[in-house]
Amino acid sequence: MERRSRKSMNHKSHRDLPPLGGLCTFDEASRPGLLIEPCVSRLKRYHYAFKRLHEIFTARITAEPVYELKSAFSLHAYLCSEHVMSLRTRVGEMREPPLGLDAIPSDPLRLFFDEILAAPDTARLLVGLYEKALPALDAALARHLQETNPLADAPSVRVIRFARLELADLISFGAKAIAQLVGPDPREQMRPWLSLLEDCLAAAGHLDGSHAAALKTPAPLHSAAPYVYDGRPQRDERFRDPWNQGVNPEVFLYDPAMPARAKTLMLYYRRLREIDVPEMMASIVAQTPGKPAAYYRDMSRQLWDEARHALMGEVGFTANGVDWQLARISWNWSYRLNTECTPLERHAVLYFIEQGLMGRNGKRYEMEVGLQSGDPLAGLFQDYDWADEVLHARIGRDWYVSAMGDPAKATAYGDACWSRILNNWRGVLEEGLTLHENWWPALYTAACQSWGLAPDPKVLAYHQTYEGSRADLKQVSNSG
Ligand SMILES: [Fe+2]
Ligand SMILES: [Fe+2]
Ligand SMILES: [Fe+2]
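Residues numbered from 1 in each chain as written. Chains lettered and ligands numbered in written order. Predicted model: local features only at pLDDT ≥ 70, side-chain atom pairs only at ≥ 80, totals over all residues.

**A look at the overall build of the chain**
In terms of helices and strands, the chain carries 21 helices and 0 strands. Taken along the three principal axes of its C-alpha coordinates, the chain extends 85 × 60 × 50 Å. Burial analysis of the chain (480 residues in total) assigns 42% to the buried set. Partitioning the contacts of the chain with sequence separation of at least 6, the portion at a separation of at least 24 is 81%. (Helix = DSSP H or I, 4+ residues; strand = E, 2+ residues; numbered from the N terminus. Buried ≥ 20, exposed ≤ 12 C-beta atoms within 10 Å, placed from the backbone. Contact = placed C-beta atoms within 7 Å.)

**So, the domain arrangement of the chain**
Split into domains, the chain comes out as domain 1 (27-203) and domain 2 (249-460). If you average the C-alpha positions of domain 1 and of domain 2, the two centres end up 32 Å apart. Only α3 (36-59) and α4 (67-94) provide two or more residues apiece to the side of domain 1 that touches domain 2. In terms of residues, the side of domain 1 that touches domain 2 owes the most to one element, α4, which gives 12 residues. Tallied by class, the residues present in the side of domain 1 that touches domain 2 amount to 8 nonpolar, 6 polar and 3 charged. (Domains from an automatic or database assignment. Nonpolar A, V, L, I, M, F, W, Y, C, P; charged D, E, K, R; others polar.)

**Focus: helix α14 (residues 332-340)**
Helical geometry note: an α-helix holds 3.6 residues per turn, so side chains three or four residues apart project in the same direction. Regarding α14, the residues found buried are Asn-332, Trp-333, Ser-334, Tyr-335, Leu-337 and Asn-338. Contact partners of the buried residues in α14: α12 (276-286) and α15 (343-356).

**Let's talk about the packing of helix α11 (residues 260-273) against helix α16 (residues 363-372)**
Two packed helices can be described by the angle between their axes and the distance between those axes. Following both chains from N to C, one finds α11 and α16 inclined at 130 degrees, their axes separated by 8 Å at the closest point. The orientation of α11 relative to α16 falls into the category oblique. Here α11 and α16 pass one another in a crossing that is left-handed. Residues Ala-260, Lys-263, Thr-264 and Leu-267 of α11 form the contact with α16, whose participating residues are Glu-366, Val-369, Gly-370 and Gln-372. Looking at the contact of α11 with α16 residue by residue, the class counts come to 3 nonpolar, 3 polar and 2 charged. (Axes fitted to C-alpha atoms, helices over the stretch in contact; angles between N-to-C directions. Parallel < 35°, antiparallel > 145°, perpendicular 65-115°, else oblique. Left-handed = near helix turned anticlockwise from the far one by under 90°.)

**Looking at α4**
For α4, built from 28 residues, the straight-helix expectation of 40 Å at 1.5 Å per residue is met to within 8% by its first-to-last C-alpha distance of 41 Å. Most of α4 is tucked away: 20 of the 28 residues are buried. (Expected span 1.5 Å × (residues − 1).)

**Quick word on unusual backbone geometry**
The peptide bond linking Pro-97 to Pro-98 adopts the cis configuration, its omega dihedral lying at 0 degrees. Looking at the element boundaries, Pro-98 is found in the loop between α4 and α5 (107-117). Phi is positive for Arg-15, close to 50 degrees, though the residue is something other than glycine. With respect to the helices, strands and loops of the structure, Arg-15 is situated in the loop between α1 (2-10) and α2 (26-29). Take Arg-15: there are 5 C-beta atoms within 10 Å of it, and that puts it in the exposed class. In the Ramachandran plot, Leu-20 falls in the positive-phi region, its phi being about 55 degrees despite a non-glycine side chain. Relative to the elements of secondary structure, Leu-20 occurs in the loop between α1 and α2.

**Quick word on the environment of Asn-361**
Along the chain, the position of Asn-361 falls in the loop between α15 and α16. Taking the number of C-beta atoms within 10 Å as the measure of exposure, Asn-361 has 15 and is therefore partly exposed. With 168 residues separating them in the primary sequence, Asn-361 and Trp-193 have C-alpha atoms 53 Å apart.

**Quick look at the packing of α4 against helix α13 (residues 293-319)**
Relative orientation of the contacting elements α4 and α13 amounts to 150 degrees, with a least axis distance of 8 Å. By the angle between their directions, the pair α4 and α13 is classed as roughly antiparallel. Seen along the crossing, α4 lies across α13 with a hand that is left-handed. Of the residues in α13, those in contact with Ser-71, Ser-74, Leu-75, Ala-77, Tyr-78, Ser-81, Glu-82, Val-84, Met-85 and Arg-88 of α4 are Ala-293, Ala-294, Tyr-296, Arg-297, Ser-300, Arg-301, Leu-303, Trp-304, Ala-307 and Leu-311. Residue classes in the contact of α4 with α13 are distributed as 12 nonpolar, 4 polar and 4 charged.

**Concerning the nonpolar core**
If you look at the biggest cluster of nonpolar residues, it comprises 108 residues, and the most contacted ones within it are Leu-137 and Val-349. Excluding its chain neighbours within four sequence positions, the residues that come into contact with Val-349 are Leu-337, Cys-341, Gly-414, Cys-417 and Trp-418. (Core = buried A, V, L, I, M, F, W, Y, C linked by C-beta atoms within 7 Å.)

**Focus: the environment of Ile-275**
Tracing the backbone shows Ile-275 in the loop between α11 and α12. As for Ile-275 and Ala-310, which are separated by 35 residues in sequence, their C-alpha atoms are 5.4 Å apart. If near-sequence neighbours (up to four positions away) are discounted, Ile-275 is found in contact with Tyr-67, Lys-70, Ala-307, Ala-310 and Ile-329.

**Re the environment of Val-159**
When you line up the elements, Val-159 lands in helix α7 (residues 154-181). Residue Val-159 is classed as buried on the basis of its C-beta count, with 20 C-beta atoms lying within 10 Å. Sequence separation of Val-159 and Gly-21 is 138 residues, and the distance between their C-alpha atoms is 17 Å. Excluding residues within four positions of it along the chain, Val-159 makes contact with Ser-86, Leu-87 and Arg-90.

This is the structure we're talking about:
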């Protein structure tokens, strides 16, 4: 080591330019590091960790009531799926197939993630994910950077640096969420479980297997019985009337007599209502095992886009000084698809709807309304919403249509599945689940106040519900 350092010191780059492409110093590049075998073995464990994290985040989106957590889980699941792909690619560069990427690298590590997947409440889930799993993964990645040769293993270093950048964001979000949501009592109660998680990591020789493994794998606690996915959407108290179908935004949006500025409120409503798409897509992903990693990445990207569209709706209302709780953001679509259809039928419906958005009455029209409205944010959001939906149509072709065999069959099946979901406007009213309250006048009045405009009586009087319209609305989808 001494001798190498001295030699390195004598070696000068041309005119003192940064050597080695700027990767590192000669000393760092001269350091012995992980050989291919242990390097691949560690990469496979990071891959396994990201895969399980993606699974857990996705599985908990639908039944998580808190909107901010639902949105964050959507993003965090997607980011994990991207790192799964990068690590798979890197392992494929270092080894010939079979790569063994679908093997479980360690039983105690499997138990570690099984326990977090089965966490019986949100407090345990948050602490398990953001205080245990993600920091253990980040520590393993940091160790890799310390122990590998930065020149020889530069491609892994690059993958790991990107992963750590996003892991830091996830961990920071988790710390803030836990500070707000997990008090001292719940934390005290989960102490034995947190020790169990620590014991799992010790038994696995840490997440990367770099340490001597403790002898015994602990007994499972929450995962003693097999995990059962809960596909029923849940919402927090701000979603006051989730079966409400008292305002039909599509009829308003396509009425040439209505002004564009007021239509932006319906656009923001439609965007925010898209939170039902992640709830539904999460159920497809959670209940469709055995697909290639690229399927989960693409579906998770789309899922996150849909959550992002909902967030754009929230921002649209907020930027216009309107409390979005004045609108009734329903779960009718996700609830019904998740409880009445199989995962393939749900995907068929999604594909059918998204194809419909590409026509004349769809994303182009929404963007034009946004641009004409005088609210530049509405035009901007609709422009990106449209671009995302074009990507989603492609994802639908890549995974759903190809599984069905041909486009005509795929579309017909989506149409048939969606037509089976009959309008439940009267049903939910009779069951006493909602009164279909007309929330539009209060929302529009609040917006006019914020805009400093007098309400237009014709707009204020708008009162078209979903009664009598087909659930699928054929030409104008009621989700998108
Ligand atoms: Fe979409
Ligand atoms: Fe959408
Ligand atoms: Fe959208």
